[in-house]
Amino acid sequence: MEAHADPLAAIVGVLALQGDFAEHEAALRLQGLRTRQVRMRMDLDGIAAIALPGGESTTMLKLLDVEGLWDPLGSALRSGIPVLATCAGMILLAETVENPSQRSYGLLPITVVRNGYGRQFHSGTFALASETLPAGTTGTFIRAPRITRIGADCKVLARRDRDPVLVQQGSVLAACFHPELEADHAVMRLFAAMVRRSRSQVGVASNFGMTTG
Ligand code: GLN
């Protein structure tokens with residue numbers, strides 16, 4: 001069943017060059033958010049948040065160049081709006097990428113090893129240990145990156161065994177697994193709450209400006 005978002009709800013731009021952007025859109029709409037596919041620079045105008053989906057990060061990098069999106073997307077990512085990055089999306093944000101190394105935006109102080117849990121054969125759904133997510137929350141890993149280093153300011157919100165697999169730094173939430181593949185996953189609820197909070201702060205700031213201006 002299609003979820004109908006409030007027409008005044010925040011618009012989340014979903015990078016739609018490659019990968020499972022359609023699943024991200026469906027999962028975000030289920031949380032009452034609106035979505036817009038981001039394929040070119042003008043699609044970034046007016047968005048309240050960004051989702052970088054899973055897929056193949058190397059292909060995404062190539063397509064970002066082909067579409068002239070590398071710099072505009074970088075500015076949007078650095079603007080402070082909430083960002084949800086899953087799997088390949090997390091790889092795009094990491095400070096250091098290994099296996100092999102590749103270019104990234106470097107917004108998250110983590111090192112990721114691509115396919116760090118093995119290839120397709122080792123994909124699957126695993127229990128997550130977390131104080132933030134409800135007990136019993138699971139994560140589906142598909143050729144997932146493994147976080148091998150994490151900066152001091154980056155919070156670990158969930159682990160798979162001992163590895164951090166859900167991290168947050170300020171307005172950036174990043175998962176090694178795929179919350180969009182399960183209906184109403186707790187990570188999607190968490191992100192929707194971040195979007196609503198950030199939007200209400202913007203509202204307060206602009207009202208304040210109006211009353212004092
Ligand atoms: N293995 C992919 C990469 O390195 C990520 C896989 C995914 O997004 N599910 O980009």
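Reference entry: report on the structure contained in this document. (Residues numbered from 1 in each chain as written. Predicted model: local features only at pLDDT ≥ 70, side-chain atom pairs only at ≥ 80, totals over all residues. Heavy atoms only, no water.)

## Quick word on the sheet that holds strand 5 (residues 94–98)
One open sheet holds the three strands; their spatial order is 5-6-9, and the pairing between them is mixed. What marks the edges here is a single partner per strand, and that holds for strand 5 and strand 9 (146–150). Ignoring which end each strand starts from, the neighbouring axes of this sheet average 25 degrees apart. As judged from the four bridges shared by strand 5 and strand 6 (residues 108–113), these two strands associate in the parallel manner. (Pairing = 2+ DSSP bridges. Helix = DSSP H or I, 4+ residues; strand = E, 2+ residues; numbered from the N terminus. Axes fitted to C-alpha atoms, helices over the stretch in contact; angles between N-to-C directions.)

## Describing helix 1 (residues 21–30)
Looking at helix 1, one finds that the buried residues are Phe21, His24, Glu25, Ala27 and Leu28. Just beyond helix 1, the residue with positive phi is Gly32, at close to 85 degrees. (Buried < 20%, exposed > 50% of the residue type's maximum accessible area, 1.4 Å probe, protein only.)

## A few points about the side chain of Ser57
Note on placement: Ser57 falls in helix 2 (residues 57–66). Those residues in contact with Ser57 that sit more than four places away from it in its chain are Ala88, Ile91, Leu92, Gln102 and Arg114. (Contact = heavy atoms within 4.5 Å.)

## Some thoughts on the pattern of salt bridges
Counting across every chain of the model gives seven salt bridges. Here Glu56 makes a salt bridge to Arg114, at a shortest N to O gap of 2.9 Å. Of this pair, Glu56 sits in the loop between strand 3 (49–52) and helix 2 while Arg114 sits in the loop between strand 6 and strand 7 (124–127), and the two are 58 residues apart along the sequence. Asp65 is paired through a salt bridge with Arg103; the nearest N and O atoms lie 2.7 Å apart. With Asp65 in helix 2 and Arg103 in the loop between strand 5 and strand 6, this pair connects stretches of sequence that are 38 residues apart. (Salt bridge = Lys/Arg side-chain N within 4 Å of Asp/Glu carboxyl O.)

## Quick notes on the site of the ligand
Every residue lining the ligand is accounted for by Gly54, Gly55, Glu56, Ser57, Cys87, Ala88, Ile91, Arg114, Asn115, Ile142, Arg143 and His178. Taking Ser57, its side chain carries an N or O atom lying 2.7 Å from an oxygen atom of the ligand. Protein chains bury 98% of the 300 Å² of accessible surface belonging to the ligand in isolation. (Near = heavy atom within 4 Å. Polar contact = N/O pair within 3.5 Å; in protein donor to acceptor, adjacent residues only side chain to side chain. Areas by Shrake-Rupley, 256 points an atom, 1.4 Å probe, with all protein chains shown as cover.)

## Description of helix 2
Among the residues of helix 2, Ser57, Met60, Leu61 and Leu64 are the ones counted as buried. Taken around the axis of helix 2, the buried residues stretch over an arc of 100 degrees, which confines them to a single face. Exposed residues lying more than 90 degrees from the buried face of helix 2 are Lys62 and Val66. On its buried side, helix 2 packs onto strand 1 (11–15), helix 3 (70–78) and helix 4 (88–93). Taken from the residues just after helix 2, Gly68 is the one with a positive phi, measuring 65 degrees. (Arc of directions from axis to C-beta.)

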